[in-house]
Amino acid sequence: MDIEAFAQHLVTLADTFKTSDIHILPEEKHYSAYFRLNGRMEKQFFLDIDEGTRLISYFKFVSNMDVGERRKPQSGSLAFQLPEKKIDLRFSTIANYHTKESLVIRLLQQKEASDHTVNTFFQHELNQLKELISYKSGLILFSGPVDSGKTTTIYQLVKNRITEEKQQVVTVEDPVEIHESQFLQTEVNEKAGITYEHLLKSSLRHHPDVLIVGEIRDEETAKMVIRGALTGHLIIASVHAKNTKGIISRLKELGISQELLEQTIIGAVFQKLLPVYCPLCAKHCSSYCTHISPEQKRAALYEVVSGKDLSCLFESESKHQNEAIRTIDRSFNHLLKKVQLYGFISEKTCRQYAIP
């Protein structure tokens, strides 16, 4: 096998399918190559041990990783040349206890920002999001698993906001995943000393109307985001948390006081992308099924907490139980069950995506 030609074919095919990740995984007697399509792993190729090893070595070589080192995990990146364009790839290797390496390739090919409306199950939460985005200042926090559509949602909401008048929108990301010509997009580059903190400070000096922060991952970033929200900017950021309540807990863990959180946060959002039920597939719609268009195979389910419901997240006294009931009525798990009862998703999907 011509490994270089196969690598080109593999990445080209993944790009055509709009794959988010390629997984090259060792199994007992061979390697398997999987594409992550619509959030699910789907097997594409079988490779014998020698072919799988040589393919991983090739990608390690072209991304400036140590080809001879197979025990330690490594990471790399590459602008990969396809027949008609270049796409950014991110590589991660890790070996099992037999020292057989696995490789995950993340494709950042990437999406061009669209003008389409957000594909969601319920309009109520989307209307809440549109109202939150219209504010001049404050902090809106998004959370959800990897590949849950957070960046797409944020971009589309902000694009809708700036249709009526020109506004300065600055993004601080690692890496930039969606190319949007109307935004001033900046990217973290640790090797060049361009960190989240440096970009945030510089971005705030640009006096943006909207500042989008890819992820709050440490105390310094959290403090900068809070400071920016206090100085009158609208800041939209993501943070890893289990649910909307966990967003508040995570910010406290990063050293932000509850008083500052109450002064800055105007909305907390948790979201997941759910695979839509297909009557022809009799389960979630297959990536290859044409009954449902590719853009409609998954839809976002949001839990949005703002206003009085947001105040309930900051309170623990029993006197606020009546207000808390309203939050429960639109909680993620409640809406998830509702989606299943309407027949939009399968019972299995409902169980899989419920928040424990």
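Residues numbered from 1 in each chain as written. Predicted model: local features only at pLDDT ≥ 70, side-chain atom pairs only at ≥ 80, totals over all residues. Heavy atoms only, no water.

Peer 1: Can you lay out the packing of helix 1 (residues 3-16) against helix 2 (residues 49-62) for me, pointing to particular residues and giving the numbers?
Peer 2: Relative to each other, helix 1 and helix 2 sit at 75°, their axes nearing to 10 Å. On the basis of the axis angle, helix 1 is roughly perpendicular to helix 2. Contacts from Ile3, Glu4, Phe6, Ala7, Leu10 and Val11 in helix 1 reach Glu51, Arg54, Leu55, Tyr58 and Phe59 in helix 2. Partitioned by chemical class, the residues of the contact of helix 1 with helix 2 number eight nonpolar, no polar and three charged. (Axes fitted to C-alpha atoms, helices over the stretch in contact; angles between N-to-C directions. Helix = DSSP H or I, 4+ residues; strand = E, 2+ residues; numbered from the N terminus. Parallel < 35°, antiparallel > 145°, perpendicular 65-115°, else oblique. Contact = heavy atoms within 4.5 Å. Nonpolar A, V, L, I, M, F, W, Y, C, P; charged D, E, K, R; others polar.)

Peer 1: I'd like a description of the side chain of Gln167, backed by residues and values.
Peer 2: By the element assignment, Gln167 lies in the loop between helix 4 (150-161) and strand 9 (169-173). Residues contacting Gln167, with those up to four places away along its chain left out, are Arg161, Ile162, Asp209 and Val210.

Peer 1: Give me the lowdown on the sheet that holds strand 3 (residues 40-48), citing residues and values where you can.
Peer 2: Across the sheet, six strands lie side by side as 3-2-1-6-5-4; this open sheet has antiparallel pairing. Pairing within the sheet leaves two strands with one partner each, and these edge strands are strand 3 and strand 4 (74-81). Neighbouring strand axes in the sheet, compared pairwise and without regard to direction, differ in orientation by 20° on average. Judged from the four bridges that link them, strand 1 (residues 21-26) and strand 6 (residues 101-108) form a sheet pairing that is antiparallel. Residue Asp21 lies in a different strand from strand 6, and its bridge partner there is Arg106. (Pairing = 2+ DSSP bridges.)

Peer 1: Could you give an account of unusual backbone geometry, with specific residues and numbers?
Peer 2: The amide bond that connects Asp174 to the next residue, Pro175, takes the cis arrangement and shows omega of -5°. Looking at the secondary structure, you find Pro175 in the loop between strand 9 and strand 10 (178-179). Backbone geometry at His207 places phi at a positive 50°, although glycine is not the residue there. Locating His207 in the fold gives a position in the loop between helix 5 (196-205) and strand 12 (210-213). Its identity as a non-glycine residue notwithstanding, Ala282 has a phi of 60°, on the positive side. With respect to the element layout, Ala282 can be found in the loop between strand 15 (277-278) and strand 16 (283-284).

Peer 1: A description of the packing of aromatic side chains should follow, citing residues and the corresponding values.
Peer 2: Counted according to the given criterion, the structure contains 11 aromatic pairs. Taking 6.2 Å as the distance between ring centres and 70° as the angle between the ring planes, the aromatic pair formed by Phe17 and Phe35 counts as edge-to-face. Linking Phe17 in the loop between helix 1 and strand 1 with Phe35 in strand 2 (residues 30-37), this pair joins segments that are 18 residues apart in sequence. Note on Phe17: relative accessible area 34%, which makes it partly exposed. Judged by centre distance (6.4 Å) and plane angle (50°), the rings of Phe59 and Phe80 are tilted. With Phe59 in helix 2 and Phe80 in strand 4, this pair connects stretches of sequence that are 21 residues apart. You'll find Phe59 and Phe80 in the same group, each marked buried. Here the aromatic residues Tyr58, Phe59, Phe80 and Phe91 are joined through ring pairs into a cluster of three or more. Taking the ring centre of Phe122 as reference, the NZ or CZ of Arg330 above it sits at 5.8 Å. (Phe/Tyr/Trp six-rings, centres within 6.5 Å; stacked < 30°, edge-to-face > 60°. Buried < 20%, exposed > 50% of the residue type's maximum accessible area, 1.4 Å probe, protein only. Lys NZ or Arg CZ within 6 Å of the ring centre and 35° of its normal.)

Peer 1: Describe in detail the sheet that holds strand 11 (residues 184-187), supporting the description with residues and values.
Peer 2: In space, the seven strands of this open sheet follow the order 11-9-12-13-8-14-17, with mixed pairing throughout. The open sheet has two edge strands with one neighbour each: strand 11 and strand 17 (298-306). Across the sheet, the mean angle from the axis of one strand to that of its neighbour is 15°, orientation sign disregarded. Across nine bridges, strand 14 (residues 265-275) lies against strand 17 in antiparallel orientation. Along strand 17, the bridge assignment pairs Leu274 with Ala299. Packed on one face of the sheet, helix 5 meets strand 9, strand 11 and strand 12 and runs near 175° to strand 9.

Just geometry here; none of it tells us what the structure is for.
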